[in-house]
Amino acid sequence: MLQIGPYSFTSRLLLGTGKFPDFATQRQAVEVSETEILTFAVRRMNIYDPAQPNFLEQLDLSRFKLLPNTAGASTAEEAVRIARLSKASGLCDMIKVEVIADSKTLLPDPIETLKATEQLVQEGFIVLPYTNDDPVLARKLQEAGAHAVMPGASPIGSGQGILNPLNISIIIEEARVPIIVDAGIGTPSDVAIAMELGADGVLLNTAVSGASDPIKMAEAMGLAVKAGRLGFEAGRIPKKRYAQASSPVEGMVQS
Ligand SMILES: CC(=O)[C@@H](O)[C@H](O)COP(=O)(O)O
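Scope of this entry: the structure provided in the associated data block. If you're wondering where the values come from, they're calculated on a predicted model, not measured in any experiment. (Residues numbered from 1 in each chain as written. Predicted model: local features only at pLDDT ≥ 70, side-chain atom pairs only at ≥ 80, totals over all residues. Heavy atoms only, no water.)

### What about the packing of aromatic side chains?
And then number 1: Counted by the stated rule, this structure contains 0 aromatic pairs.
And then number 2: In this structure, Lys65 packs its charged tip against the face of Tyr7, placed 3.9 Å from the ring centre.
And then number 3: The aromatic ring of Tyr130 is capped on one face by Lys96, whose charged end is 5.1 Å from the ring centroid. (Phe/Tyr/Trp six-rings, centres within 6.5 Å; stacked < 30°, edge-to-face > 60°. Lys NZ or Arg CZ within 6 Å of the ring centre and 35° of its normal.)

### Quick look at the site of the ligand
And then number 1: Around the ligand, a shell composed of 14 residues is seen, among which Lys96, Gly157, Asp182, Asn205 and Thr206 lie nearest.
And then number 2: Within the contact set of the ligand, an oxygen atom lies 2.8 Å away from a side-chain nitrogen or oxygen of Asp182.
And then number 3: Against a free-state accessible area of 360 Å², the protein chains account for coverage of 92% of the ligand.
And then number 4: With respect to the pocket detection grid, the ligand is positioned in the largest pocket.
And then number 5: Class assignment for the residues of the shell around the ligand results in 4 nonpolar, 7 polar and 3 charged. (Near = heavy atom within 4 Å. Polar contact = N/O pair within 3.5 Å; in protein donor to acceptor, adjacent residues only side chain to side chain. Areas by Shrake-Rupley, 256 points an atom, 1.4 Å probe, with all protein chains shown as cover. 1 Å grid on protein atoms, 1.4 Å probe; cavity = no way out; pocket = protein on both sides within 12 Å on 5 of 7 lines; lining within 4 Å. Sits in = over half its atoms within 2 Å of the grid points. Nonpolar A, V, L, I, M, F, W, Y, C, P; charged D, E, K, R; others polar.)

### Comments concerning the pairing of strand 3 (residues 13–16)
And then number 1: Neither face of strand 3 is open: one carries Leu13 and Leu15, the other Leu14 and Gly16, and all of them are buried.
And then number 2: Direction of pairing for strand 3 relative to strand 10 (residues 201–204): parallel, over a ladder of 3 bridges. Across the sheet, the residue bridging to Leu15 is Leu204, located in strand 10.
And then number 3: Looking at chain direction, strand 3 and strand 4 (residues 37–41) are connected through 3 bridges and run parallel. By the bridge assignment, Gly16 is partnered in strand 4 with Thr39.
And then number 4: Read as a crossover between parallel neighbours, the route from strand 3 over helix 1 (residues 23–33) to strand 4 is right-handed. (Buried < 20%, exposed > 50% of the residue type's maximum accessible area, 1.4 Å probe, protein only. Helix = DSSP H or I, 4+ residues; strand = E, 2+ residues; numbered from the N terminus. Pairing = 2+ DSSP bridges. Right-handed = clockwise from strand over helix to strand, strands pointing away.)

### Observations concerning the layout of surface pockets
And then number 1: The space that makes up the largest pocket amounts to roughly 830 Å³.
And then number 2: Breaking the lining of the largest pocket down by element, the ones donating at least two residues are helix 1, strand 4, strand 10 and helix 7 (206–209).
And then number 3: With 3 residues, strand 4 is the largest single contributor of residues to the lining of the largest pocket.
And then number 4: When grouped by side-chain class, the residues that make up the lining of the largest pocket number 17 nonpolar, 14 polar and 5 charged. (Points joined across faces, edges and corners; volume = space filled by probe spheres on them.)

### Overview of the packing of helix 1 against helix 8 (residues 214–234)
And then number 1: Close contact between helix 1 and helix 8 brings their axes to 8 Å; oriented N to C, the two are set at 20°. Between helix 1 and helix 8, the interaxial angle falls into the category roughly parallel. For the element pair helix 1 and helix 8, the recorded crossing hand is right-handed. Between helix 1 and helix 8, the contacting residues are Thr25, Gln28, Ala29, Val32 and Ser33 on the first element and Pro214, Ile215, Ala218, Glu219 and Gly222 on the second.
And then number 2: Residue composition of the contact of helix 1 with helix 8, by class: 5 nonpolar, 4 polar and 1 charged. (Axes fitted to C-alpha atoms, helices over the stretch in contact; angles between N-to-C directions. Parallel < 35°, antiparallel > 145°, perpendicular 65-115°, else oblique. Left-handed = near helix turned anticlockwise from the far one by under 90°. Contact = heavy atoms within 4.5 Å.)

### Side note on helix 1
Helical geometry note: an α-helix holds 3.6 residues per turn, so side chains three or four residues apart project in the same direction.
And then number 1: Along helix 1, the residues classified as buried are Thr25, Gln26, Ala29, Val30 and Ser33. All buried residues of helix 1 project into a common sector of 130° when viewed along the axis, lining one side.
And then number 2: Where helix 1 is buried, its residues contact strand 3, strand 4, helix 7 and helix 8.
And then number 3: You can read the cap of helix 1 off the contacts: a side-chain oxygen lies 3.1 Å from the backbone nitrogen of Ala24, and it is on Asp22.
And then number 4: Glu34 sits one or two positions beyond helix 1 and adopts a positive phi of about 65°. (Arc of directions from axis to C-beta.)

Have a look at this one:
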């Protein structure tokens, strides 16, 4: 079970809703991925024009938890404003804090992310900040009351996978709240590595929406989350420098 604040989930895969080729593909991809948490940018929702098609209307929302995010914010103030708007629209009390420092790297601004997290926790939100893979910042976000911390594997949309597994594993080792690896995932093996490191979940978007076959990729990602988690719980063998025979050698006739 993945527990985030008061909410529990069976699936450990969080899926973004952007850039799918069409709603039908997206709906099937969501279905086969077995995700229970869908994230979307509040700013990109057509809350002002109800006539515009909206992916969320295509879903049975009783089956999913919505995780609105503050994409588009470049300051804590903007992120807080977007979060309040989202809560006032009755979407959900969970919020993914995403405060981006610049448009080239799309890396999170650590200072503004921390400020927004502090403020939104105080206001009673269930706060999930997207952060870089810095163990010190991850600790400070937890101290600020974040309900989960979401370190990036690599830049958003880059598909580079986990660039710093050491940092991610330190963040996981020290965590008191769920750690969800977010952004930069390219392949199911990237997901499996994150889960084998002990991550509590993975959030991804582009790897599925941009795949040649998003539906197949969504299923593969769902399976990778499960396989990686099982592998983590099973406990891997230690790595050794030299070979060790796989079959027992006791009782073998020596030549
Ligand atoms: C959808 C969302 O929240 C993104 O900002 C997220 O970080 C996913 O990144 P990828 O598209 O690299 O998976």
